[in-house]
Amino acid sequence: TQLLEQSPQFLSIQEGENLTVYCNSSSVFSSLQWYRQEPGEGPVLLVTVVTGGEVKKLKRLTFQFGDARKDSSLHITAAQPGDTGLYLCAGDLSGSRLTFGEGTQLTVNP
Amino acid sequence: GAGVSQTPSNKVTEKGKYVELRCDPISGHTALYWYRQSLGQGPEFLIYFQGTGAADDSGLPNDRFFAVRPEGSVSTLKIQRTERGDSAVYLCASSRTSGTTGELFFGEGSRLTVL
């Protein structure tokens, strides 16, 4: 059973388009993080959200944590080829480790 | 460099052999994590160290897997009697604190291939 469900699993879009990636769970998380991973590298943290309903912006990326702290979304405006990568959400259930979703593989074509 | 260092970057071994994967965390980081990542999937938790002790080893799949961190810095993941299903990228991460709201800094991983 996957504790964190990400959708879509794959996304291929053209440069300039907008997109949203979703991360859902039946469990309540005390915090949730989004990471981006490029081939041959480890994941790199983009943002941490802690409060239900919280919205954080990082340039063209907007992250939202659900009011009930069970889901999150990542919205990218005007995607660029440099945004290509595997986007991972990760939640803290136990207080000692992060559980990762299976990821969304994003490809932005020039 | 100042990042998390993992060696070897690639390891090819035969079924039944023993392998060791090394992780050198960022200096001063007390928390160290091992994850395993299969192609097209997210990282799967294996074990977490706080200092020298394993605070949570519930992710280790079976008793062929073992990890140590004897001096609270470098950690070694040991896999006995390797099986083809052990093939994956093994990621190590360190964090300044034990709480999971802190940032995990990942190494580039050790790609293990069991033939």
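What this report covers is the structure whose coordinates are included nearby. Everything numeric here is computed off the predicted structure, so don't read it as measured data.

## Comments concerning unusual backbone geometry
At step 1: In the segment running from serine 7 of chain A into proline 8 of chain A, the intervening peptide bond is cis, with an omega of -10°.
At step 2: With respect to the helices and strands, the residue proline 8 of chain A is situated in the loop between strand S1 (5–7) and strand S2 (10–14).
At step 3: In this chain, threonine 7 of chain B is followed by proline 8 of chain B through a cis amide linkage whose omega measures -10°.
At step 4: In this fold, proline 8 of chain B is placed in the loop between strand S1 (5–7) and strand S2 (10–13).
At step 5: Even without being glycine, lysine 59 of chain A reaches a positive phi, approximately 55°.
At step 6: Positionally, lysine 59 of chain A belongs in the loop between strand S6 (55–58) and strand S7 (61–65).

## Remarks on the packing of aromatic side chains
At step 1: The full count for this structure, using the stated rule, is nine aromatic pairs over all chains.
At step 2: Between tyrosine 35 of chain A and phenylalanine 100 of chain A the ring centres are 5.6 Å apart and the planes differ by 55°, which places this aromatic pair in the tilted class. Pair noted here: tyrosine 35 of chain A is in strand S4 (residues 32–37) and phenylalanine 100 of chain A is in strand S10 (residues 98–100), with a separation of 65 residues, a long-range link. For the pair shown, tyrosine 35 of chain A and phenylalanine 100 of chain A are each scored as buried.
At step 3: In this structure an aromatic cluster arises from ring pairing among Tyr35 and Phe100 of chain A together with Tyr33, Tyr35, Phe45, Tyr48 and Phe106 of chain B.

## Concerning the pattern of salt bridges
Side chains that carry opposite charge are capable of pairing whenever their charged atoms lie near each other.
At step 1: Inspection of every chain in the model, using the stated rule, returns eight salt bridges over all chains.
At step 2: A salt bridge links glutamate 54 of chain A to lysine 56 of chain A; the shortest N-O distance between them is 3.7 Å.
At step 3: Among the residues examined, lysine 56 of chain A registers a relative accessible area of 31% and is labelled partly exposed.
At step 4: As a salt-bridge pair, aspartate 83 of chain A and arginine 60 of chain A come within 2.9 Å of each other at their nearest N and O atoms. Highlighted residues: aspartate 83 of chain A in the loop between strand S8 (71–76) and strand S9 (85–92) and arginine 60 of chain A in the loop between S6 and S7, separated in sequence by 23 residues.
At step 5: Overall, arginine 60 of chain A belongs to the partly exposed group, its relative accessible area being 25%.
At step 6: A network of salt bridges, in which partner residues are shared, links Arg64, Glu83 and Asp86 of chain B.

## As for the interface of chain A and chain B
At step 1: At the interface, 22 residues of chain A touch 21 residues of chain B.
At step 2: Both sides together, the interface formed by chain A and chain B hides about 1,600 Å², and carbon and sulfur atoms give 52% of it.
At step 3: When the area that chain A buries against chain B is broken down by residue, the three leading residues are Ser96, Arg97 and Phe100 of chain A, summing to 30%.
At step 4: If you look at where chain A meets chain B, you find one salt bridge.

## Regarding the sheet that holds S6 of chain A
Residue and element names in this part refer to chain A.
At step 1: Taken together, the five strands give an open sheet; going across it, the order is S1-S3-S8-S7-S6, and neighbouring strands pair in antiparallel fashion. The open sheet has two edge strands, S1 and S6, and neither has a second partner. Recorded for the sheet is a direction-independent mean angle of 15° between the axes of neighbouring strands.
At step 2: As paired strands, S7 and S8 are joined by five bridges and run antiparallel to one another. Looking at S8, one finds that threonine 62 is bridged to histidine 75.

The rules behind these values
- Residues numbered from 1 in each chain as written.
- Chains lettered and ligands numbered in written order.
- Predicted model: local features only at pLDDT ≥ 70, side-chain atom pairs only at ≥ 80, totals over all residues.
- Heavy atoms only, no water.
- Helix = DSSP H or I, 4+ residues; strand = E, 2+ residues; numbered from the N terminus.
- Phe/Tyr/Trp six-rings, centres within 6.5 Å; stacked < 30°, edge-to-face > 60°.
- Buried < 20%, exposed > 50% of the residue type's maximum accessible area, 1.4 Å probe, protein only.
- Salt bridge = Lys/Arg side-chain N within 4 Å of Asp/Glu carboxyl O.
- Contact = heavy atoms within 4.5 Å.
- Buried area = accessible area lost by both parts, 1.4 Å probe.
- Pairing = 2+ DSSP bridges.
- Axes fitted to C-alpha atoms, helices over the stretch in contact; angles between N-to-C directions.

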